[in-house]
Amino acid sequence: MNGDCSSDMDSDDTRVGIIDEEVVCPEEFLPTFEAIEGPILTKANQVEYNSKPDSLFFDDGVRSIDFILVYDDEAKKVSERKDAIVKRKTRREYFEASLMKMGLELEATSSVLNDNLIFVKVHVPWEVQCIYAEVLHIKVPIEIDNNPPRPSVWNCFHCITKYFKPDEDLIKKETDYFTAPFQKNRRDCFYIGDKDHFFTPSMKSRMAYYILCRAPYELSERVKRFGITKLLSGGVYKAAYPLHDCRFNVKSREESCPNERFLLFKEWAHPKNFYKIQPLDLIRRYYGEKTGIYFAWLGFYTFMLALAAVVGLSCFIYGYRTQETNTWSKEVCDPEIGGKLVMCPQCDLCHYWMLNSTCDTSKTLTIFDNFGSLVFAVFMSIWVTVFLEFWKRYQAELEYEWDTVEFLEQGEPPRPEYEAKCIYERTNPVTGVKETVPYTACGRCLRLSIGIGTVLFWIMLILVSIVAVIVYRLAVFLSLSIKLKDAGNLKNLEPIKEYVTPQMATSVTAGIISFVVIMILNMVYERVAIWITDYELPRTRTDYENSLTLKMFLFQFVNYYSSCFYIAFVKGKIVGYPGKSVYLLGKYRNEECDPGGCLIELTTQLAIIMGGKAIWNNIQEVLLPWVKNLISRYCNRSTSQKGELPRWEQDFHLQPNIKLGLFYEYLEMVIQFGFVTLFVASFPLAPVLALINNLFEIRIDAWKITTQFRRIVPEKAQDIGAWQPILQGIAILAVATNAMIIAFTSDMIPRLVYYWSFSLYEGYSDHTMKGYINSSLAYFNTSDFSGTALNPPIERLSNVTICRYRDFRFPPGHPREYEYNMHYWHVIAAKMAFIIVVEHIVYFTKFILNYVIPDVPYTIKERIKREKYLTQVLLHETNLKRGTKRLKPVMDGFSTHMEAKKDNEIEMSEY
């Protein structure tokens, strides 16, 4: 039993379709582990359903149900091979015997609907709770905190804010306690009232799951295989989950039931509560700290988005109201100006075109490309810093209130998958104690190198797909430029034909294709990233999620944002001029921007990706689980004639939780955060769309986990993990990207240079934007087209001798014809100066804000110190009492001995 662990696998396992768990010695991780001796295994007691559908207890009505296991009864299976059935049954029976040997209590009940299904109820007794509460460092009350809470500023507006809070009569405020990590041998120190309710149901579910993940299920030739995870994968069990305490829309008929699920639905998950503050304490109590911290972050992010949305909407309204009075847009639409400017062809097979044909596009562009966008970009750079700093403060408050301040310092338990591979010995650099690890230093380097190489390969694959989309854009633009010139080709597009231009059609279709490619690559890479992270074997659950988070975000960053970076900083920047164009792959002429710039295309791309992503996610998160549950309820209703199902069977028919459910929720929101901050200079409505989406997202996520899915296994979490540095990295990058969008993608800087400088050179007596369009377009002699086009020239109008194109170059006939003129270098200097000045001002402001706003509020620091002091005092007093109690018999005996000796001396003296 105490021999070395090995990773040998039975040859039968593959043959019968059983997925083997790796090997582990549970004695090191389970304090209550005892080896099973003898061939006879203890089995769970089988009872009949007691017709109490709302019961959360064993058949005796006393022991609570802390976890549920579900399996198919092998005795009633006839379609499977006998050896596979025997293997599953043997493993399950050994596993359940191991659980009972470690102190858990089990009770089995047959399904009401399906006689083949067996539900095993798991109970963690009080003594076992005390042991594993200490193992998991669960903090519990030691004394009521009688210090009055610090009054909030919002109390002054209680008459208004009360309408935005959950009903306090239903969801009562929890009592504040000073807490400390539970210690079994000092249980007298803790504020234990009722043993049955001292540890919450979510805490007991954590303890049960910890044991289930580490209990062995097979022993052969000194090899132990363990864990509920692999038993689920191998089909030994169909499901394992903690129970919801009641139905989501009906209160339980059991008087002892807290009906927390019903309260969560009524005051949180119901769509009518979209404007209400979330009951975070109840969410944390029911689902655990990890789920609570996610909804706290999402709610805080949404709250902060409200200010950004108001400012962004104001900038949009400003742009909309000024589009009819915008000088340069009016010149584009003016028949006497834009109607007389003949533009050079934008591809080798394209015709000349008139500038005023882009009138509608130029008007739309003025909505987004104006002075308000510059102000909003600077505002958002400051906003993101304020958001992150105040989130850290709010997070520190939650850490204290939810007792997770020292969670990571106390030592998070290793993952079972990590424990299973521990075969190499090393000396712990901190404690100096011998310990086992799953790999050597070289092995760890090899695993990390393979992971990094795989991630880089997939990022290169994304870049290849981007090049493919670029080639598509060039080819389609070439084709549409020819076809859309023929009015006959637009008969079927009569309502929108005036808006259909080659640039717009290419941008929209390319945006849709980019979105489809993004979603396909996402689904494939997701599996690859999980496989890489599993191979790396991170030690703890937090390490695992942080490693996976980094891999997934690097991929998603390139996948989602690459097309936007291309449009913003590459497209239209390296095109040459009409007589000397630049070609991609020696065949396709590089894309040119519209005379108004590429900003409108960037805006279109952002709108497509943000909108498409929101729609797709809602279909996945809401529609699919709802349809599946609807089908399940219909099937069960049509076959059941046996009354209402018990609580555990109702939960079984809900959707199972995804292993990394919250990870995908975080990823979705962080990608959105990137769109809101990185490219906000081109799309001021991004915060508005994000705010609307998030108001629904909070309630959709709440509705989903409360009504459509089984109860989440509660997990501890101190913060949002690796997402925090990722958000900070995005915030730093956002300053540079927005400054560069203003400088290189929009026409803001060229217009300002013209207004303050070159307008006076054009002969105007005062600073003005009149004449800007003419000034921003260079001249080209059409006779220089001869022999310069790669493709055979097509027939063009012979009476056009001069055409215009968007650039600052000397005109034909000049000694330096087609070279950059002084206007160009003025604009480049102004752009570089703008980037440097804006970045330095914003970064300096961010630094000041970061320094001025402390990460942890002063009051929280004081309360943490107070709690530590009180804990030390109470534990010290307990030790003194215990020492006094132990010494009392000794002292009493010593006193009796001294009295007897004294009496003896008196008698001797008298004698």
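Residues numbered from 1 in each chain as written. Predicted model: local features only at pLDDT ≥ 70, side-chain atom pairs only at ≥ 80, totals over all residues. Heavy atoms only, no water.

Student: Describe the pattern of salt bridges, with residues and values.
Tutor: Per the stated rule, a full pass over the model turns up 29 salt bridges. D54 is the salt-bridge partner of R253, the closest N and O atoms lying 3.6 Å from each other. Of this pair, R253 sits in the loop between β9 (239-241) and α8 (260-269) while D54 sits in the loop between β1 (45-47) and β2 (67-72), placing them 199 residues apart in sequence. Notably, a salt bridge pairs D807 with R809, separated by 2.9 Å at the nearest N-O pair. Looking at D807, the relative accessible area reads 15%, which means it is buried. Its relative accessible area of 11% is what places R809 among the buried residues. Residues joined in a network through salt bridges with shared partners are D54, R247, R253 and E644. (Salt bridge = Lys/Arg side-chain N within 4 Å of Asp/Glu carboxyl O. Helix = DSSP H or I, 4+ residues; strand = E, 2+ residues; numbered from the N terminus. Buried < 20%, exposed > 50% of the residue type's maximum accessible area, 1.4 Å probe, protein only.)

Student: Which residues make up the packing of helix α13 (residues 371-401) against helix α25 (residues 822-852), and what values go with them?
Tutor: Between α13 and α25, whose axes approach to 10 Å, the crossing angle comes to 25°. Classified by the angle between their axes, α13 and α25 sit roughly parallel to one another. Judged by the twist between their axes, the crossing of α13 over α25 is right-handed. The segment α13 lies against α25, with L374, V378, S381, I382, V384, T385, V386, E389 and K392 engaging F834, V838, V842, T845, K846, L849 and N850. When the residues that make up the contact of α13 with α25 are grouped by side-chain class, the tally is nine nonpolar, four polar and three charged. (Axes fitted to C-alpha atoms, helices over the stretch in contact; angles between N-to-C directions. Parallel < 35°, antiparallel > 145°, perpendicular 65-115°, else oblique. Left-handed = near helix turned anticlockwise from the far one by under 90°. Contact = heavy atoms within 4.5 Å. Nonpolar A, V, L, I, M, F, W, Y, C, P; charged D, E, K, R; others polar.)

Student: Report on the confidence of the model for the protein chain, specifying residues and quantitative values.
Tutor: With 82% of its residues at a pLDDT of 70 or more, the protein chain has an overall mean of 80. Contacts from residues 1-27, a stretch scored under 50 in pLDDT, to residues over four places away or in other chains number 76 contacts. Within the model, pLDDT remains below 50 along residues 788-794, and this stretch shows 13 contacts once partners closer than five positions in the same chain are excluded. (pLDDT = per-residue confidence, 0-100.)

Student: I'd like a description of the pairing of β2, backed by residues and values.
Tutor: Burial runs high along β2: six of the six residues are buried. Taking every second residue as pointing to the same face, both faces of β2 are buried, with F67, L69 and Y71 on one and I68, V70 and D72 on the other. As paired elements, β2 and strand β4 (residues 117-123) share six bridges and run antiparallel to each other. Bridging across to β4, Y71 finds its partner in I118. In this structure, β2 lies alongside β9, joined through three bridges in antiparallel fashion. Considered in β9, the bridge of I68 is made with Y241. (Pairing = 2+ DSSP bridges.)

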